[in-house]
2 protein chains.
Amino acid sequence: MSYNKILVSLGGGPTAVINQSIVGVVLEARKCHQIDQIYGSMRGARGIIDEDFSDLTSETRQNLELVANTPSSALGATRDRPDHKYCMEMLRVIKAHEIGGFYYIGGNESTETVEIIAREARRTNYDLCCIHIPKTIDNDIACNDHTPGFPSAARFVAQAFMSVNLESRALPGVRLVVVMGRNAGFLTAASALGKKYPDDGPHLIYLPERPFVLDDFLAEVRSIHAEKGRCVVAISEGIRDAAGRSIVEDLAARAVAAGGHPAAPGTLADLLAHEVRSQLGIAEVSGLTLGYAQRSFVGCVSDVDQHEAREVGEKAVQYGVRGRLDGSVTIRRRGFYSVDYGLVPLADVGGRTRTMDDAFIAPSNTGVTDAFRFYLRPLLGSGMPDMYLLRPNRVPKREAAAAPTQDTAPAPRLCS
Amino acid sequence: MSYNKILVSLGGGPTAVINQSIVGVVLEARKCHQIDQIYGSMRGARGIIDEDFSDLTSETRQNLELVANTPSSALGATRDRPDHKYCMEMLRVIKAHEIGGFYYIGGNESTETVEIIAREARRTNYDLCCIHIPKTIDNDIACNDHTPGFPSAARFVAQAFMSVNLESRALPGVRLVVVMGRNAGFLTAASALGKKYPDDGPHLIYLPERPFVLDDFLAEVRSIHAEKGRCVVAISEGIRDAAGRSIVEDLAARAVAAGGHPAAPGTLADLLAHEVRSQLGIAEVSGLTLGYAQRSFVGCVSDVDQHEAREVGEKAVQYGVRGRLDGSVTIRRRGFYSVDYGLVPLADVGGRTRTMDDAFIAPSNTGVTDAFRFYLRPLLGSGMPDMYLLRPNRVPKREAAAAPTQDTAPAPRLCS
C-alpha cells in the first residue's frame, strides 16, 4: 500500500533559502489529493531518530510564506552525519509513522543518506518514495549547474568584498579575508564579483582547487602591495598544499614549533596575517574570517536563489507524488538566464564532489575568468548594490608646502 | 580678506555614510555665491600635509549623488592622529592655498584638530572658518543625540545578530560575537535590536561601560546554556576589568603564561571561546569577530543615517558660509522621530567621550533596556528585515522508535 503521509527533513547546515525549499514541499504537497499529512522533522536527521516531528499540514499559508523568506532553517539542523546504522534507525521511525514520501534537503552526503534509506525500504518491501532536494552554500553537488543556498552566500561574499575593497582604498595595507568552502572554491571565487574598477580587489584569490604554496603567496602579496600600496586577498578555508595537507594545520604546527600554544593557535586568517607581517615586514595587515554569517545573513539574499529553492521543493513533490520516482532534483541552466529542473538517480549525485572547472580559474591560479563571472552574475539576483568613485581632478601643489613653517599668511598669489 | 575657496577633509576611519557628508558640503557650497572652489583632501589630514587635493567644484552632480550612496570614503582616509605640530603643518598648507573654509568630518579627536587649527588661524589673523562635522560608528561624540555612521553600523550589527541567532536556533551551542567600540558600548548594544521572539539571542551583552569579570561571564554563559541549550553573546572589543585593563591583553598574557606564542595570541573572540570550551566543558563554542565589515558594509545602510549625514554636511556650509561661525554641528532629537541641527563651540565636544547612559543598560549589566530600544529603533531606518518561526505542532511519538530495529514494515495502525 502507499501511505498518504510525507516527511520533509534536512541534512547539514542551514542556508539563507532552505526554508524556501521546506515551504515549497509543504505547499505543493497540500495541493496533492494523495497526501493527507505533512510532517517536518526537527533538527534534521536527528529529529527522525528522536521521533521529533512537527505537523505542518495546518500551518497557515501566510506564516509559511513569511518563514520561507527567513534565512536559516525553521526546522533546526544537526551536526550528526548519518552512517548506515543511523539510516536504518531513521527508516525504522519512518515505517513506524507510516510515512510514504521522504523529502530530504541537503548536500552530497545527504544524497547518500537518501540512497541508503531508499535501498533499504525497497529491500524490505516498504513503499517509500525518496527524493533528495539539493542545498549547499559550497555549490559542490554533481549534476547541477548550481545549488540553492550558494547564490545567496555568494552574494554576501561579493558584497563583503565590495566593502573590504572600499575600506582598503580608504585605509591601504594588506587585507586577508577567509571564505567558507572546504573542497570547492566557488564561494571564494564569488569575491571577484565584488570588483568593478580595474584596480579593485580582491587582487589575489586562493582556491582549494590549486595547491597553496606559502612562498608563492608571500611573493604575490609582496608584488601587489609594492605596485598598488594595498592588497586584498580572498582565501578559501580549504586551501591545501601540494600533498593535500591543510594549510591551517601546517601553519598551526609551525606556530607550535616556534613555542606556540596548541589549544588556541589562531585562525587561518590570523596565521597568514602573521606570516605576511613577519616575513614581508608590512605593518598594516589584517585578517578577517567571514565565518558562518555568510550562509544565513538576514538582509542579503538573492531573489533568484529564493525562487529556485522554492521550485526545487515544489518539483520534488511533483516527482515523488505524481511520478512515484526516487531520485535527486537537479538544476539545469537554459539561456541567459533561465533554468529548468530534472531528476537524476541518487547514485549519480552521491559521493561525488563538484569543484571549480578549470575554465573558471585564471591561468595565474590566483584569479577567476570572465567565464566564471558570466556563470555567477545572474545567480546573485536583482538589486545588487553598486559603488562609485570620485573622478580624480588633482589640484597643482603650491611650493609653500615645502617651505619652512611660518606663522603669518603667505602673500596672496596671482595664479589660483 | 575672506577667501572664496573651501576644503573638505576627514579624520579617522570611514563609515557607510561619510560620502553623504562630503557630498552635502560640496553641493551646498556650490549654491553659495561666496564660494568659487571646493577642494577635497585625499587621505584626510595626511592629504592636507601632502598638498594632495582634488578639485570637486566641477564633479557632476549625478556622480556626486552616486558616490554619496557608496559606503567608505571616496576621499580616502589616514591612520595619522594629528598633534599640535601636525595641525600647524595643516594650517600652513591651508594658508598657502588661500582656503577660507575648513570642513572636517570626524569623531572626538577630530574636533580637537579643528579647534587647534581654528585657534592658530585666529592667533595669526588668518581668516578661516572652521566647522567640525560629526561622524563615528562608535556614537561617542558629546552634545549629540547620535552621530552619522553609527546608525548604519548598528543596522549591520542588528542584522548580523538576527543571523547569528537564527543559526544558533538551527545549530545550538555557544556563539561569542565581538563587536567594535573601544570606549562606548552603543554598537555592541545594537545587537539587542536583532531580537524578536522572547528566547532570541543575544542572551548576554558585555559593554565597556561595565567591568568585565571572567568568572561572572563564565557563570552567566553556563546558566543560559544550561537553560536554553544555546547561548548567543555580544561582546564589545573594548571590555575591561575593574582596574581598567583590557581583557584581550589579560587573556593573551594568560595564554602566554600557559606556554602560548606572544606573536599570534588570537583574537578576543577566540580567547574567550577557548575559556568557555576549557572551563565549562561545552563542545560547541564558536568565536566570531564582525571586524571592519560592520562600518562600511555595502548593501546594509540605514536611509535615516544617509539623510542625516547629508544634512550635517549641508548645515555645516550654512553655518560656515552664511553665519561665518566656527563650531561643531550637532544632531538633536525632536519627537519620535525627527531631528534638527545645531552648532556648539568646538571646546564643548573635543576631548570628551560619550558612553552609554545608565538608563540604557539593564540592571543585570548584561543587557539593554527598552529605553535603549526606543532610542535606537528609528535610527535603523526603513526596510529592516524581519524573521519568522514555524508554530510548533508536535506529532505524538509512536513507541516503535523505542523498539528494537526490525527489517519489515510494522503492521498498519488504526490510529493515524
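Residues numbered from 1 in each chain as written. Chains lettered and ligands numbered in written order. Predicted model: local features only at pLDDT ≥ 70, side-chain atom pairs only at ≥ 80, totals over all residues. Heavy atoms only, no water.

In the annotation of an unreviewed UniProt entry, the entry for chain A reads Pyrophosphate--fructose 6-phosphate 1-phosphotransferase, and the organism field reads Siculibacillus lacustris. Here chain A is described in UniProt, under the heading Subunit (unreviewed entry), as follows: "Homodimer." (UniProt positions renumbered as here; feature names shortened; annotations may be inferred.)

(A) Fine view of the overall build of chain A. Along its length, chain A carries 13 helices and eleven strands. For chain A, the C-alpha atoms occupy an extent of roughly 100 × 55 × 35 Å along the three principal directions. Considering chain A as a whole, with its 416 residues, one finds that 62% of them fall into the buried category. Restricting the contact set of chain A to residue pairs at least 6 apart, pairs at least 24 apart contribute 75%. With an accessible surface of roughly 15000 Å², chain A has 51% of that area assigned to carbon and sulfur atoms. Of the side chains in chain A, 46 bear a positive and 49 a negative charge, and the two mean positions are spaced by 3 Å. (Helix = DSSP H or I, 4+ residues; strand = E, 2+ residues; numbered from the N terminus. Buried < 20%, exposed > 50% of the residue type's maximum accessible area, 1.4 Å probe, protein only. Contact = heavy atoms within 4.5 Å. Areas by Shrake-Rupley, 256 points an atom, 1.4 Å probe, with all protein chains shown as cover. Lys, Arg positive; Asp, Glu negative; His and termini not counted. Charge placed at Lys NZ, Arg CZ, Asp CG, Glu CD.)

(B) Here's a closer look at the interface of chain B and chain A. The interface is formed by 104 residues belonging to chain B together with 104 residues belonging to chain A. Remark: the boundary between chain B and chain A carries ten salt bridges. Put simply, the parts of the chain that give the side of chain B that touches chain A at least two residues each are strand 3 (53–55), helix 3 (61–68), helix 4 (84–96), helix 6 (150–170), strand 6 (173–179), helix 10 (268–280) and strand 9 (285–289) of chain B. It is helix 6 of chain B that contributes the most residues to the side of chain B that touches chain A, ten residues altogether. Its residues assigned to classes, the side of chain B that touches chain A shows 51 nonpolar, 28 polar and 25 charged. (Salt bridge = Lys/Arg side-chain N within 4 Å of Asp/Glu carboxyl O. Nonpolar A, V, L, I, M, F, W, Y, C, P; charged D, E, K, R; others polar.)

(C) Seen up close, the sheet that holds strand 3 of chain B. Residue and element names in this part refer to chain B. Taken together, the seven strands give an open sheet; going across it, the order is 3-2-1-4-5-10-11, and neighbouring strands pair in mixed fashion. Looking at which strands have only one partner, the edges of the open sheet turn out to be strand 3 and strand 11 (338–344). Ignoring strand direction, the axes of neighbouring strands in this sheet form an average angle of 25°. Taken together, the two bridges between strand 5 (residues 129–134) and strand 10 (residues 327–334) define a ladder with parallel strand orientation. (Pairing = 2+ DSSP bridges. Axes fitted to C-alpha atoms, helices over the stretch in contact; angles between N-to-C directions.)

(D) Just the sheet that holds strand 7 (residues 204–206) of chain A, in detail. Residues and elements named next belong to chain A. Spatially, four strands are ordered 7-8-6-9 in an open sheet, and the strand pairing comes out parallel. Lying at the two open borders of the sheet, with one neighbouring strand each, are strand 7 and strand 9 (285–289). Sheet twist, expressed as the average angle between the axes of neighbouring strands with direction ignored, equals 15°. Relative to strand 8 (residues 230–236), strand 6 (residues 173–179) is paired through seven bridges, and the arrangement is parallel. In the strand pairing of strand 8, Val177 is matched with Ala234.

(E) Seen up close, the environment of Gly350 of chain B. All names here are of chain B. Among the secondary structure elements, Gly350 is positioned in the loop between helix 12 (346–349) and helix 13 (370–376). Exposure remark for Gly350: the relative accessible area of 13% places this residue in the buried category. Counting along the chain gives 61 residues from Gly350 to Thr289, while the straight-line C-alpha distance between them is 30 Å. In this structure, Gly350 is in contact with Asn108, Thr111 and Glu112, ignoring residues within four places of it in sequence.

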